[in-house]
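# Observations on chain architecture
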Amino acid sequence: MVGSMTFFVLNDAFMKALGAEWPLFQSLFIRGIGVVLVMLVLAAALGQLTVRLPRRDWLILLIRTLCEMGAAYFFISAIFNMPLADATTIMQSLPLTITMAGALFLGERVGPRRWAAIGVGFVGVILIVRPGFEGFSIYSVYVLITVVLITLRDMAVRQMSRSVPTVLTALLSAFGVMLLGAVGSVGEVWAPFSLTTVFALGGAIATVIVAYICSVSAMRWGDIGFVAPYRYTSIVVALIIGFAFFNEVPDRMTLIGAAIIVVTGLYTLYREQKLIRDEAPDDTPG
């Protein structure tokens, strides 16, 4: 999970560097070509290229891919125009929104303590976004839209059968983002390649693939209650990269908001795992 979070932030940093010279859709399209080709080879090598899936799973895959396309557009647009650490920190509200969505749409049990933690966590988000105050940016709203889309994506995945290959799922998402870039880039004036863009493009392709593999490995083979809290390492990585390469220093309110989000997120994960343990059958011999 630490590797996944680190490489996702590195990918965001490479994309932010790419955005200094290339327009958004050109960046998404050309990165998408590289990612799709590598994922296609990987899926074929693992025998996960198949079309023999139930219609319900194909519908869920379509919903997931559309959410991924929207999330890529809004999040990459945001990091092109706002500090990397701020965007990364707002994204850490995902455990809160996923818990809330599970209660509202999937009937999962959420007690008053977790509802309180969710409410306090959103106060932390507001401290970072600061709607209506100086420092407010529409791109902070873009990150919030990304959070909503990824929450919907993960809700869809929970309804997907276990027979759907993991690499195929990631491949379809990558293809959808590439298609979005291809369509959007038709109306853009393309920028030329340079040494900087080649380096940033190669870095973005490599890091996002490694991030996908690490993420899938962590969630498939690691105990969720143990690995999930390590997703917050992305905030530390984003702070270091933002300062070292983009000269970005978060203000006090952003740091306070980040602390609130991390604490409430960790508490929510703790309560969720405690509930799972309490409801587990007791196999202790009498």
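Below: a short report on this structure. Since the structure is predicted, the reported quantities are computational estimates derived from the model, not experimental observations.

Turning to the side chain of Thr65, a few remarks are in order. Along the chain, the position of Thr65 falls in helix α3 (residues 55-81). Filtering out sequence-adjacent residues up to four positions away, Thr65 remains in contact with Leu172, Ser173 and Gly176.

Residue position: Gly107 is located in the loop between α5 (94-105) and α6 (112-129). What makes Gly107 exposed here is its relative accessible area of 62%. Taking the C-alpha atoms as reference, Gly107 lies 33 Å from Thr254; in sequence the two are 147 residues apart.

We now examine the packing of α3 against helix α7 (residues 138-158). Where α3 contacts α7, the two axes come as close as 8 Å, and the packing angle between them is 160 degrees. Here α3 lies roughly antiparallel to α7, going by the angle between them. Helix-helix and strand crossings are classified by hand; for α3 and α7 the assignment is left-handed. Classifying every residue of the contact of α3 with α7 gives 17 nonpolar, four polar and three charged.

So, about the packing of α5 against α7. Between α5 and α7, the shortest axis-to-axis distance is 9 Å and the interhelical angle comes to 50 degrees. When the interaxial angle is binned, α5 and α7 end up oblique. Here α5 runs over α7; the crossing is right-handed. Residues Leu94, Thr97, Ile98, Ala101 and Gly102 of α5 touch α7, and the partners they reach there are Val147, Ile150, Thr151, Asp154, Met155 and Arg158. When its residues are assigned to classes, the contact of α5 with α7 shows six nonpolar, three polar and two charged.

Cut-offs used in this document
- Residues numbered from 1 in each chain as written.
- Predicted model: local features only at pLDDT ≥ 70, side-chain atom pairs only at ≥ 80, totals over all residues.
- Heavy atoms only, no water.
- Helix = DSSP H or I, 4+ residues; strand = E, 2+ residues; numbered from the N terminus.
- Contact = heavy atoms within 4.5 Å.
- Buried < 20%, exposed > 50% of the residue type's maximum accessible area, 1.4 Å probe, protein only.
- Axes fitted to C-alpha atoms, helices over the stretch in contact; angles between N-to-C directions.
- Parallel < 35°, antiparallel > 145°, perpendicular 65-115°, else oblique.
- Left-handed = near helix turned anticlockwise from the far one by under 90°.
- Nonpolar A, V, L, I, M, F, W, Y, C, P; charged D, E, K, R; others polar.

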